[in-house]
Amino acid sequence: MRLRIFSFLLCLTFLLKGQEEPKKTDLKGYVKLLGSFNSFNKDYFPPNPFIADDIIPASSQDYQIHNRFDFKYYPNSKLTFGVGMRNRLFWGYQVENPPLPGQPSFYQLLDEDNGLVDLSFLYFESDVVLLHTVFDRLWGQWENSQWMVRLGRQRINWGVNTVWNPNDIFNQYNYFDFDYEERPGSDALRVQYFPNFKSTLEFGFAPAQDLKESVGAVLYKTNYKKYDLQFLAGYYQQDLTAGLGWAGNIGQLGFKGEANYYLPLEESRDTNFIASISLDYQFGFGLYTQASYLYNGLGAEDPDLLSFLSLNTTQVQDAKNIFPFRHTLFTQVGYNITPLFRADAAVMFTPDLKNIIVFPTLTYSLLSNLDALLVAQYFISQNPFENDNVEWLSGVIFGRLKYSF
Amino acid sequence: MNKLFLATILLWAGFSQAQDATEIIRRSEEKLRGESSTGVMEMTIERPTWSRTMKMKTWSKGTEYSMILVTEPARDKGTVFLKRETEIWNWVPSVERTVKLPPSMMSQSWMGSDFTNDDLVQESSILKDYTHELLGEETIRGFKCHKIKLTPKPDAPVVWGKVISYISKEEYLQIQTEFYDEDDELINTMEGMDIKELGGRRLPSKLVMTPADEPGNRTIMRYLDLEFDTQQPEGFYTTQNMKRLR
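Residues numbered from 1 in each chain as written. Chains lettered and ligands numbered in written order. Predicted model: local features only at pLDDT ≥ 70, side-chain atom pairs only at ≥ 80, totals over all residues. Heavy atoms only, no water.

Novice: I would appreciate a short explanation of the overall build of chain A in the present structure.
Specialist: Looking only at helices and strands, chain A has five helices and 19 strands in total. On C-alpha atoms alone, chain A measures out to a radius of gyration of 22 Å, which is about the 22 Å that the 2.2 N^0.38 rule sets for 405 residues. When its C-alpha atoms are laid out on the principal axes, chain A stretches across 65 × 55 × 50 Å. Relative to its full complement of 405 residues, chain A shows a buried share of 47%. Sequence-distant contacts, at least 24 apart, represent 55% of the contacts inside chain A between residues at least 6 apart. (Helix = DSSP H or I, 4+ residues; strand = E, 2+ residues; numbered from the N terminus. Rg over C-alpha atoms; globule rule 2.2 N^0.38 Å. Buried < 20%, exposed > 50% of the residue type's maximum accessible area, 1.4 Å probe, protein only. Contact = heavy atoms within 4.5 Å.)

Take a look at the structure:
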C-alpha cells in the first residue's frame, strides 16, 4: 500500500514538473548516490573481544541512493503550501549487520520521528536493502505585507552564525551530517510580523507530545549600524532561555556571533551558557578563511573518549547542549581552484589539541546539474590506553554524486 | 597680468574638460541605469574546455539597491542576492537562511564568473566614486568613442587602480571598459555588444568580460529582457522580501 502511495506521489510530482504553468507550482529536488568508506583504528584500543571478534570491523562500506522533492503550491498571492520528501535506499554494512550490543538498530534510529505526527515510513527492510521515506516539510502559509503565518512541519532557522548556532533552538542540527543540507523540520507554528522594513518580530511554538518538552519563543530582529541584530527569549524543554545574535563586520572582516543562557525551572536541572563567535575573510586572490569558537558550559572541560565517540553523523545535537566539549575551535580555508573545482579544509579541535577532527572537502561540477563531492572526516584523539599519544581513532571518506532538477 | 590670465584660461580649460568627461560618463550611466529597472539575464562562463550557463532575474533602484534571483541551473535555483547601500545578503533556499556576506567578498568572483560581486551589485559608481579625465578619441569596433580615464577617489569602495572607458560619441554607449590594477596592469576588458532596443532604449544587450592574462576565458552576460522605471513596492529591497521572490 505504502509503496503504491509512493509511486503515485512520484508520478504526480513528475506530471506537475512537466506542466508548464508558471508561478502556481514549483518542484525541485535531487538524486544523490553516496558511498561511505569507514575505517577504524584497531590498534587504538588494548586487545578486547569486540575487536578480536570483528564486532567493530577495521573497515566497512555503506551506500545510499538519496532522493529529495521540494514541492510548493501557490494557489494565490497569500497562500503557499510546501512539502519536502526525503527518500533513501540503503545498503551495505549497517543494513546487513546487527548493532553493537545495547545500541538501537540502524532501522530504529532511522524510523524515529521526533515530531507530533509520525511522518517517517519504512517501506521495506531486508537483510540487504532498506527503503525509507520521511516528510521533513509539510506546511501551509498565509501572508500579507506585514504578517506571515506558517503552520506544520517546517524549519525555523534562527541561526546567523557560521558553524555553531546556539540561537537555533527549534532545529539544532548536526555539523557532521553534511549530506542533509535542508536539515530536519519541527512540527510548529511560526508567526512573523514586520513592523517596518528593517525589523521582524517573530513567535515560534513547537509543542511536544509531553507538553513539558515543548519549545516556544519570541525573537526580535533588526538592523542597526550595518549589524543584523537579534534577541530571543522563551521556554525550552523545562528551561527558560534568552539569547542574542549578530552578523556584521569589523573593517573587511565578517564578524558574527550567537549566545544563549538557560535557566532551569526545576532545581534538579542545570543552568547553561552557550556562546559562539566567528570571523571570516576572503583574500583578494580568492582564498576564503574562517575561524570560530564555541563555549558550551555543559560540555566536558577535559573530554573523555566517550564524549568524543558521541560525535557522528547520526546524532542530532540538543540546543541546550550543542557540542560535547566545553571549548571548541574551528578553522576553515577554501579556494576555488577553477570555477568548477573547489577545495576546502576544516579542522575542529579542543584548545589542548587532544581532540581533533579534520574535514577535507573537494567539490567538482561535472555538468550543469551534476556535482561530485569527496569529503573525509577524520577523528584524532589522545589515546588514554597507550602513552596518551594523540592518534587517529576512526575515519570516514564519503564519495557523492548529485544530480539536481 | 598676462600670466594670471593664461593661468585662469588654462585652469578653466582643464576644469571644463573634466566637466565634459564627467558629463559624458553621466549621460552614459543614465542610459544604462535609469531610476529603477527589472530584467532577465543569462550568464555564460566560457573556458577553453567547458562552459556553464546561468539565468537570473534582476531588480535595481539607483545604485543603492539591487536584488538578483537565480532561476537556473537547478542546483542554484532560488538563490537570492540583496544589496542595500553597502551591505550584502545571500538567501540560501535549501537551508532557508539569510547569510550576511563579509565586505571582503565584494571583490570576489560572482558565482565563478569573470564578473565580481561588485560588478553585479554595483557597489561602486563610476560617476560618484571616480574622477574623470578625457584622454581623446578612439575608434573601437567601428564606433567613434570618447576615451576617458577614471581614477578612483581616495576613500571610494573601488578595487581598481584605474579604469579606461570608451563611450560612443553618437549614443553615449559604453562600448568598452578596461580595468587596471594598482600597478597599472590590465586585468579585465568588458565589451558592450549587440546594440538593440531594450526597455525603450538602445543599449548593448551583451556584455563580454575577458580577463587579460587567461586566453580562452570569458564571461558573457546577455540581457534577455529589460524594463526601466519599474516601480517596486516599498520594502521590496529588504531581507524580509528576499525569501518571497520567485
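Novice: Looking at this structure, I do not really get the overall build of chain B. What am I missing?
Specialist: Secondary structure assignment for chain B yields three helices and 13 strands. By residue count, 50% of the 246 residues in chain B fall in the buried class. Residue pairs in contact within chain B that sit at least 24 positions apart in sequence constitute 45% of those at least 6 positions apart. Total accessible area computed for chain B in this model is approximately 11700 Å², and 51% of it derives from carbon and sulfur atoms. (Areas by Shrake-Rupley, 256 points an atom, 1.4 Å probe, with all protein chains shown as cover.)

Novice: I'm lost on the pattern of salt bridges in this one. Help?
Specialist: A side chain of one charge can pair with a side chain of the opposite charge when the charged atoms of the two come close. Scanning the entire structure with this criterion turns up 29 salt bridges over all chains. For Arg400 of chain A, the salt bridge goes to Glu181 of chain A, with nearest N and O atoms at 3.6 Å. Here Arg400 of chain A, found in strand E19 (residues 390-404), pairs with Glu181 of chain A, found in the loop between strand E6 (147-154) and strand E7 (186-193); they are 219 residues apart in sequence, far enough to count as distant. Look at Arg400 of chain A and you get buried, because its relative accessible area is 10%. The salt bridge partner of Arg141 of chain B is Glu191 of chain B, with a shortest N-O separation of 3.4 Å. Pair noted here: Arg141 of chain B is in the loop between strand E7 (130-140) and strand E8 (143-152) and Glu191 of chain B is in strand E11 (residues 186-198), with a separation of 50 residues, a long-range link. (Salt bridge = Lys/Arg side-chain N within 4 Å of Asp/Glu carboxyl O.)

Novice: Teacher, can you tell me more about the pairing of strand E14 (residues 288-296) of chain A here?
Specialist: Along a regular strand, successive side chains alternate from one face of the sheet to the other. Residue and element names in this part refer to chain A. Bridging between strand E13 (residues 272-282) and E14 involves nine bridges; their strand directions are antiparallel. Note on E14: the bridge partner recorded for Ile277 is Tyr293. Where E13 folds back onto E14 in an antiparallel hairpin, the turn is made up of five residues, including Gly286, whose phi is positive at roughly 105°. (Pairing = 2+ DSSP bridges.)

Novice: Before we go on, may I ask you to explain the interface of chain A and chain B in this structure?
Specialist: It is common to report an interface's size as the accessible area lost on association of the parts. Contacts between the two partners involve 58 residues from chain A, matched on the other side by 32 residues from chain B. When chain A packs against chain B, close to 3600 Å² is buried across both sides, 44% of that on carbon and sulfur atoms. When the area that chain A buries against chain B is broken down by residue, the three leading residues are Phe197, Gln282 and Pro339 of chain A, summing to 18%. Counting across the interface, chain A meets chain B through five salt bridges. Close ionic contact of Glu96 of chain B with Arg150 of chain A constitutes a salt bridge, the shortest N to O distance being 3.5 Å. Per-class residue counts for the side of chain A that touches chain B are 18 nonpolar, 23 polar and 17 charged. (Buried area = accessible area lost by both parts, 1.4 Å probe. Nonpolar A, V, L, I, M, F, W, Y, C, P; charged D, E, K, R; others polar.)

Novice: For this particular structure, what's the right way to read the packing of aromatic side chains?
Specialist: Geometrically, a pair of aromatic rings is defined through the distance of the ring centres and the angle of the planes. Residues and elements named next belong to chain A. For the structure shown, the criterion picks out 31 aromatic pairs over all chains. Geometrically, the ring pair formed by Phe178 and Phe398 is edge-to-face, given 4.7 Å between the ring centres and 65° between the ring planes. Pair noted here: Phe178 is in the loop between E6 and E7 and Phe398 is in strand E19, with a separation of 220 residues, a long-range link. With a relative accessible area of 7%, Phe398 lands in the buried category. Through a chain of ring-to-ring contacts, three or more aromatic side chains come together here, namely Trp164, Tyr175, Phe176, Phe323, Phe325, Phe330, Phe359 and Phe379. In this structure, Arg86 packs its charged tip against the face of Tyr180, placed 3.5 Å from the ring centre. (Phe/Tyr/Trp six-rings, centres within 6.5 Å; stacked < 30°, edge-to-face > 60°. Lys NZ or Arg CZ within 6 Å of the ring centre and 35° of its normal.)

Novice: What exactly am I supposed to notice about the side chain of Thr200 of chain A here?
Specialist: The residue Thr200 of chain A is located in strand E8 (residues 200-206) in this model. Sequence-distant contacts of Thr200 of chain A, that is, excluding residues within four places in its chain, are made with Gln192, Tyr193, Phe194, Pro195, Leu219, Tyr220 and Lys221 of chain A together with Gln240 of chain B.

Novice: Just checking my understanding: could you explain the confidence of the model for chain B for this structure?
Specialist: The predicted coordinates ought not to be read in detail in places where the model reports low pLDDT. Residue and element names in this part refer to chain B. Looking at chain B, pLDDT values average 84 and 88% of them are 70 or higher. Strand E10 (residues 174-180) holds the highest mean pLDDT among the elements of chain B, 93, whereas helix H1 (residues 2-33) holds the lowest, 64. Overall, residues 8-16 carries pLDDT values under 50, and its contacts beyond four positions in sequence, including any with other chains, amount to zero contacts. (pLDDT = per-residue confidence, 0-100.)

Novice: It is not clear to me how the environment of Tyr180 of chain B should be interpreted in this structure. Could you clarify?
Specialist: Residue and element names in this part refer to chain B. Mapped onto the elements, Tyr180 comes out in strand E10. Judged by its relative accessible area of 14%, Tyr180 falls in the buried class. Along the backbone, Tyr180 and Lys169 are 11 residues apart, and their C-alpha atoms lie at a distance of 23 Å. Here Glu178 takes part through its side chain, which lies 3.0 Å from a polar atom of the side chain of Tyr180. (Polar contact = N/O pair within 3.5 Å; in protein donor to acceptor, adjacent residues only side chain to side chain.)

Novice: Even after reading the chapter, I still don't get unusual backbone geometry, so can you show me in this structure?
Specialist: Negative phi values dominate among residues other than glycine, just as trans dominates among peptide bonds. Residues and elements named next belong to chain B. Of the consecutive residues Glu72 and Pro73, the connecting peptide bond is found in the cis state with omega at 0°. Within the secondary structure, Pro73 sits in the loop between strand E3 (65-72) and strand E4 (80-84). Even without being a glycine, Arg141 presents a positive backbone phi close to 45°. Even without a glycine there, the phi angle at Asp229 is positive, about 50°. Its location among the elements puts Asp229 in the loop between strand E13 (218-228) and helix H3 (239-242). Of the residues examined, Asp229 reaches a relative accessible area of 46% and is grouped as partly exposed.

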